[in-house]
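# Architecture at a glance
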Amino acid sequence: MAETHVLFVEDDDVIREATQLALERDGFLVTAAPDGLTGLERFRADRPDIALLDVMVPGLDGVSLCRRIRDESTVPVIMLSARADSIDVVLGLEAGADDYVTKPFDGAVLVARIRAVLRRFGHASGPGGRGGEQPGAEEPEGGVLRFGDLEVDPEGMEVRKGGEQVALTPTEMRLLLEFSTAPGTVLSRDRLLERVWEYGWGGDTRVVDVHVQRLRGKIGQDRIETVRGFGYKLRG
């Protein structure tokens, strides 16, 4: 089985070297870069399976680097931030990151988050499958679910709006599949964290909120409704 190739962009020499060694001990192939511009060059040359980007790196900051990567690829991205309450976290998610980890981090936690993101990337099918016939959705031949002008194909991993294909990241696809298998049902942020991000503990709900906003921008602002104080639901 081929090694999972990780691009790790971090300007702190001690953190970069220690984390690289820890990841390599867990079986990952790691390409490390000390700044954003070098990271972009190595991303384009090596095409890694996942990118770990520190927010505060010189040359091209992590948020800008994430945005550049997302312009070219749907490869999963995890942001690393020293400040859990920083606006940098939200900016990174809005730029297209799939998740973030706060520094200082435990190596086992980082590896678990990497593997969870990679599972979403490699297996974007819905966590519970199609789950049978759902109210509010029309299901013609082929298992394609329809919500107005929105079509979701859980087997083909394709989404169309008004007949035009919509490009989603694997995390966005998992999120939409979670909604589409339970249209009209209010899904709490905690449930979405558990089912989409595989958090077995309380996580930062900003991850959910930002991804819902990104998904709305692609499938229609009114397609996912906010139920204040409870969560979100997909309009049938």
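Before reading on, note that the structure itself is shown above.
Residues numbered from 1 in each chain as written. Predicted model: local features only at pLDDT ≥ 70, side-chain atom pairs only at ≥ 80, totals over all residues. Heavy atoms only, no water.

Moving on, we come to the nonpolar core. The biggest cluster of nonpolar side chains holds 50 residues, and the ones touching the most others in it are Leu-53, Met-79 and Phe-179. In terms of residue count, the dominant contributor to this core is helix α8 (residues 206-219) (6 residues). Aside from chain neighbours lying at most four places away, what touches Phe-179 is Leu-187, Leu-192, Val-212, Ile-224, Tyr-232, Lys-233 and Leu-234. (Core = buried A, V, L, I, M, F, W, Y, C linked by side-chain atoms within 4.5 Å. Buried < 20%, exposed > 50% of the residue type's maximum accessible area, 1.4 Å probe, protein only. Helix = DSSP H or I, 4+ residues; strand = E, 2+ residues; numbered from the N terminus. Contact = heavy atoms within 4.5 Å.)

Here we come to the sheet that holds strand β8 (residues 158-161). Sheets are built from strands that pair by backbone hydrogen bonding, the pairs being arranged parallel or antiparallel. Judged by pairing direction, the sheet is antiparallel, and its 4 strands sit side by side in the order β6-β7-β8-β9 without closing on themselves. Each edge of the open sheet carries a strand with a single partner, namely β6 (145-147) and β9 (164-165). One ladder, built from 4 bridges, connects strand β7 (residues 150-153) with β8; its direction is antiparallel. Residue pairing in the sheet places Val-152 in a bridge with Val-159 of β8. In the packing of helix α6 (residues 170-180) onto the sheet, the strands contacted are β6, β7 and β8, and the crossing angle to β7 comes to about 105°. (Pairing = 2+ DSSP bridges. Axes fitted to C-alpha atoms, helices over the stretch in contact; angles between N-to-C directions.)

Looking now at the side chain of Glu-10. Within the element layout of this structure, Glu-10 appears in the loop between β1 (5-9) and α1 (13-25). At a separation of 3.0 Å, a polar atom in the side chain of Glu-10 contacts the side chain of Lys-103. When residues no more than four places from it in sequence are discounted, the contact partners of Glu-10 are Ile-15, Arg-16, Ala-33, Pro-34, Asp-54, Val-57 and Lys-103. (Polar contact = N/O pair within 3.5 Å; in protein donor to acceptor, adjacent residues only side chain to side chain.)

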